[in-house]
Amino acid sequence: MKKPNILALVVAILTGCMMTSCNSSEDTTEELSNDCVITSATLGTLKRIVNDSTTVSVTGGAYHLYIDQVNSRVFNPDSLPVGTCVDKLVFASSSGIKCTGTLGIVNLETGKEEAFTPTDSTDFSVLRQVVAYAPDGSSKRFYNFDIRVHKEYADELDWKQLAHNPLSPVASFIESRTLAVGGSIYVFGRTMDGEVKLVQTSRQSPSFDEAQPLASVGGNAIDVRTVQHFSDKFLALAGGRLVESAMVTEGWSTVSTPVQFDALVGQSTDSIYAIAGNQMYASADGLAWNESEVDSPADLPQGSDVAAATQQSRVDKDGEIVVMVGSRKVARADGTSADSVTVWKRDIDRSAADKYSYPWINLPQTEELRTYGCPLLKQISAFAYDEGTVVTGVAADGTIAPFYTSTDNGRTWKTTDLSSPDTTGANSISVAVDADHYIWVVLGGTGTIYRGRINRLGWE
């Protein structure tokens, strides 16, 4: 019997396998990808130094890393808290950095690429370049990693003294009104001899050492406590008559009104408000005035020393709340009278057809409020700030009051929510808030000007 040819048998088997493979629809050819893309990145647990003796952990995964594929950039839109250590940063162990291939990083000292393991602690306190290599080794892509950390505490308010000149015009003001309009700060002031002056300065390069006199209108001096900027013009009262000017220092003219007003008290987005006797008025343009409903007219503020601030509603994008603070004489049991604080609130729905349908509501500052009642002040300044209404002014003893903040639309007031600057020696105060959330404080008597802002209100 003839022995089989082993070599021929092997060749036949291999040939059959090759034919089967070529004819099979399941045959695939595995090719390595040339993609080099980082698809996701997640921070791990990080260390945060709060102070010299306290260290806490930060859950890095709570701070989303955004990948900008167009610009090859990776960054966290929400900065990590102050004190977070990113000089030894780690990425999450399971999903730290996902990539179509492998990763490298550019050495800070040599500028050369080296191996990178995301779960190892790495210095990301400066901008780092992470390299994504394609699986086939044919290409690579550089990503700039920008791990942001806040440099300041969110709720801190640091006051910066911009000026302190006892010989400046501001120092001579015994009462004033400060407005922030566009890129300028306007300080309207009255001196001891009754002269009315204006200090106008740039917000970017403020200087308060020069003033211009404001001429009387119709023989009456402008009441600086009443000045408002509304509908692209300045409005004020002079001898009880409404006057207006687009140029501030000149061109003041009298506006015809249904009555002589006692005070211009403030404004909302769509209206400006005034008081005449026991009646509130509102106007959409400063020319035509309508009566506003008041729930208890006998309790309205008296005189021109009254102020109001408008706060955006926290629950309705079309809603506003106007809070007004002033004082009026009230009768005592012994037949004498005394000044008493009076606080008012008005709700506004900007989406409503009738802007005057909501009445002004009196908020009695009753005894059960105790230390949380609104104080009785002179030269009242009111402004909306950080979802609250703030008032300050001159206290009964002649000193400058701290900032009283109401977060419940005028019902209660606290001095602990917003710090105020040093006002030692001042005898008058006026305050304005500009479009960048800076608070400007102007102090008569000392000529001191402060500017401050809660840090987070300046963050982008």
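Preceding block: the structure.
Within every chain, residues take consecutive numbers counted from 1 along the sequence as written. Per-residue local features of the predicted model are confined to residues with pLDDT of at least 70, and side-chain atom pairs are confined, for both listing and counting, to 80 or more; whole-chain, interface and lining totals are unaffected and use all residues. Values reported for side chains reflect all heavy atoms of the structure, with hydrogen atoms and water molecules removed beforehand.

## Overview of the nonpolar core
Thought 1: Membership of the largest hydrophobic core comes to 26 residues, with the highest contact counts inside it found for Ile38, Phe91, Phe124 and Phe145.
Thought 2: In DSSP terms, a helix is any run of H or I states spanning at least four residues, a strand is any run of E spanning at least two, and both are numbered starting from the N terminus. For this core, the secondary structure elements donating two or more residues are β1 (38-41), β6 (97-99), β7 (102-106), β9 (128-133) and β10 (140-146). Residues enter a nonpolar core if they are buried and are Ala, Val, Leu, Ile, Met, Phe, Trp, Tyr or Cys, with the set joined through side-chain atoms within 4.5 Å. Residue exposure (1.4 Å probe, protein chains only): buried if accessible area is under 20% of the type maximum, exposed if over 50%, otherwise partly exposed.

## Describing the environment of Leu198
Thought 1: In this structure, Leu198 sits in strand β14 (residues 196-202).
Thought 2: In sequence terms Leu198 and Thr178 are 20 residues apart; their C-alpha atoms lie 9.7 Å from each other.
Thought 3: By definition in these notes, contact holds between two residues if any of their heavy atoms fall within 4.5 Å. If we ignore the near neighbours within four places in the chain, the residues touching Leu198 are Tyr186, Val187, Phe188, Glu210, Ala211, Gln212, Leu214, Val248 and Thr249.

## Digging into the packing of aromatic side chains
Thought 1: Pairing of aromatic rings covers Phe, Tyr and Trp, the last counted by its six-membered ring, and requires centre-to-centre distances within 6.5 Å; plane angles under 30 degrees mean stacked, over 60 mean edge-to-face, and any other angle means tilted. Following the criterion strictly, the structure yields 13 aromatic pairs and no others.
Thought 2: With a centroid separation of 5.6 Å and an interplanar angle of 80°, the aromatic rings of Phe91 and Phe124 are classed as edge-to-face. A residue pair is termed long-range when its members are at least 10 positions apart, and Phe91 in the loop between β5 (73-75) and β6 and Phe124 in the loop between β8 (113-115) and β9 qualify at 33 residues. Here the two residues Phe91 and Phe124 agree in accessibility, since each one is buried.
Thought 3: Taken together, a centroid distance of 5.3 Å and an interplanar angle of 85° make the contact between Tyr273 and Trp360 edge-to-face. Placement of Tyr273 in strand β21 (residues 272-276) and of Trp360 in the loop between β26 (337-349) and β27 (361-362) is noted, with a sequence separation of 87 residues between them.
Thought 4: Assessed through its relative accessible area of 0%, Trp360 is described here as buried.
Thought 5: Three or more aromatic residues joined by ring pairs form one cluster here, namely Phe91, Phe116, Phe124 and Phe145.
Thought 6: It is Arg73 that lies over the ring of Phe75; its NZ or CZ is 3.9 Å from the centre. Look at NZ for Lys and CZ for Arg. If either is within 6 Å of the ring centre and within 35 degrees of the ring normal, a charge sits over the ring.

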